[in-house]
Amino acid sequence: MTSSHTDCHFCLQSLRGRKYALREENAYCVPCYDSLYANPCEECKQPIQCNSKDLAYKGRHWHEGCFRCAKCSRSLVEKPFAAKDEVLLCTECYSDEYSSKCFHCQKTIMPGSRKMEFKGSSWHESCFVCQYCRQPLGTKPLITKDNENYCVPCFEKQFAHHCYACKKVITSGGVTYHDHPWHKECFVCAVCKTQLSRQRFISKDEYPYCVDCFSKLYAKKCAACKEPITALGGAKYISFEELQWHRECFNCAKCSVSLVGQEFLTQQDDILCHKCGSA
């Protein structure tokens, strides 16, 4: 600006025909204004004179020509930029340096774009999809296998085991029997339906039975005590013709001496030691 009638507010010299600057309604010659009020440039440290454009950001000032990306030196005037540790960067350099990389495509997730995070990794929203049906997962329940994400229906269709009894998906745990998967609650005795996942059982014709039911249905009866012979736990039994005995029940019917490993005689359904049988 030029004036023909005012004086510099600081040095009192006439401003007639000279450029001057106004501050709080006071006029200053250019040298006085620059020495009193010019901001130092963050880049070159020189004062930003009143005839230069002063670009300010968070209380700091730059010459227009000094307002550049700290990494690639491109001008940031009228362009989007970001600050990191008080250093100005264009959005491209900031993204390359600090932004997350997509776990799927390995490209930068640009600032302002939606980012999905799962198990410490980041994805573009468009990359965070089911590996099988390619539909976006968003915040839906998902299952991970071999570093790939699947929606629950696709995972069940592709990988989940189906219970041999009820045919429904086994989502966790389960029991394997005869190479077939079972829910624990479905793995039951074929007769009384008692759960067998944590108790001893006996198999017959590919079906599991609890010990009691199997004994009642299939175990041979001891000729002496009439109780089932299950042979569980390593128990031994004696068999003669069509009769069976528990080892501890294989005794002489008269004197009760054990006949295991001894000669014996039969009398109808009884067994006798040689002495009792000869009497």
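Residues numbered from 1 in each chain as written. Predicted model: local features only at pLDDT ≥ 70, side-chain atom pairs only at ≥ 80, totals over all residues. Heavy atoms only, no water.

Some thoughts on the overall build of the protein chain
Rules: Secondary structure is summarised from DSSP: a helix means a run of H or I of at least four residues, a strand means a run of E of at least two, and numbering begins at the N terminus for each. Each radius of gyration reported is based on C-alpha atoms, and the globular scaling rule is 2.2 Å times the count of residues to the power 0.38. Three exposure classes are used, based on accessible area relative to the maximum for each residue type with a 1.4 Å probe and protein chains only: buried under 20%, partly exposed in between, and exposed over 50%. Note on contacts: a residue pair is in contact if any heavy atoms of the two residues lie within 4.5 Å.
When you go through the protein chain residue by residue, the secondary structure sums to five helices and 23 strands. What you see for the protein chain is a C-alpha radius of gyration of 47 Å, clearly larger than the 19 Å of a compact globule of 279 residues, by over 25%. If one aligns the C-alpha atoms of the protein chain with their principal axes, the spans along those axes are about 160 × 35 × 30 Å. Within the protein chain, the proportion of its 279 residues that are buried is 29%. If you take every contact in the protein chain between residues at least 6 apart in sequence, the share linking residues at least 24 apart comes to 11%.

A word on unusual backbone geometry
Both trends apply: most residues other than glycine have a negative phi, and most peptide bonds are in trans. With phi around 50°, Glu 24 is a residue other than glycine that occupies positive phi space. With respect to the helices and strands, the residue Glu 24 is situated in the loop between β2 (18-23) and β3 (26-29). Given a relative accessible area of 69%, Glu 24 falls into the exposed group.

Section: the side chain of Arg 60
Under the convention used in this document: By the criterion applied in these results, polar contacts are pairs of N or O atoms within 3.5 Å in which, for protein atoms, one can donate a hydrogen and the other can accept it, and in which residues neighboring in sequence qualify only through two side-chain atoms.
Tracing the backbone through its elements, the reader meets Arg 60 in strand β5 (residues 60-63). Note on Arg 60: relative accessible area 17%, which makes it buried. In this structure the side chain of Arg 60 is engaged in a polar contact, spanning 3.0 Å, whose partner is the backbone oxygen of Glu 86. Non-local contacts of Arg 60, meaning those with residues more than four positions away in its chain, are made with Glu 42, Leu 55, Glu 86 and Leu 88.

So, the nonpolar core
What counts, and what does not: Here, nonpolar core refers to any group of buried Ala, Val, Leu, Ile, Met, Phe, Trp, Tyr and Cys residues whose side-chain atoms link them within 4.5 Å.
Formed by 14 residues in total, the largest nonpolar core has its most connected members in Cys 163, Trp 182, Phe 187, Cys 189, Leu 196 and Cys 210. Other than its neighbours up to four places away in sequence, Leu 196 contacts Phe 187, Val 188, Cys 189, Phe 201, Pro 208, Tyr 209 and Cys 210.

Section: the confidence of the model for the protein chain
Here is the rule we go by: pLDDT expresses how confident the predictor is about each individual residue, on a scale running from 0 to 100.
Mean pLDDT over the protein chain works out to 83, with 95% of the residues at or above the 70 mark. For the protein chain, the element scoring lowest by mean pLDDT is strand β1 (residues 2-3), at 46; β5 scores highest, at 93.

Here we look at the pattern of salt bridges
Put simply, the test is: Put simply, a salt bridge is a Lys or Arg side-chain nitrogen that is within 4 Å of an Asp or Glu carboxyl oxygen.
In the structure shown here, the tally under the stated rule is six salt bridges. The closest approach of N and O atoms between Arg 68 and Glu 43, which form a salt bridge, is 3.8 Å. Taken together, the positions of Arg 68 in the loop between β5 and β6 (81-84) and Glu 43 in the loop between α1 (30-37) and β4 (54-57) put the pair 25 residues apart, joining distant regions of the chain. Residue Lys 115 pairs with Glu 117 through a salt bridge whose shortest N-O separation is 3.3 Å. Owing to a relative accessible area of 36%, Lys 115 belongs among the partly exposed residues under this scheme. Here Glu 117 falls in the exposed class, since its relative accessible area comes to 56%.

Comments concerning the domain arrangement of the protein chain
In many analyses, interface size is given as the accessible surface area lost on bringing the parts together. Convention followed: Where each domain starts and ends follows an automatic or database-derived domain assignment.
Splitting the protein chain by domain gives domain 1 (175-217) and domain 2 (236-278). The C-alpha-based centres of domain 1 and domain 2 are spaced at 35 Å.

Quick look at the environment of Cys 249
Looking at where Cys 249 falls in the secondary structure, it is placed in the loop between β21 (243-246) and β22 (264-267). For the pair Cys 249 and Lys 71, spaced 178 residues apart in sequence, the C-alpha to C-alpha distance is 95 Å. Apart from residues lying up to four places away in sequence, Cys 249 is in contact with Cys 222, Ala 224 and Cys 225.

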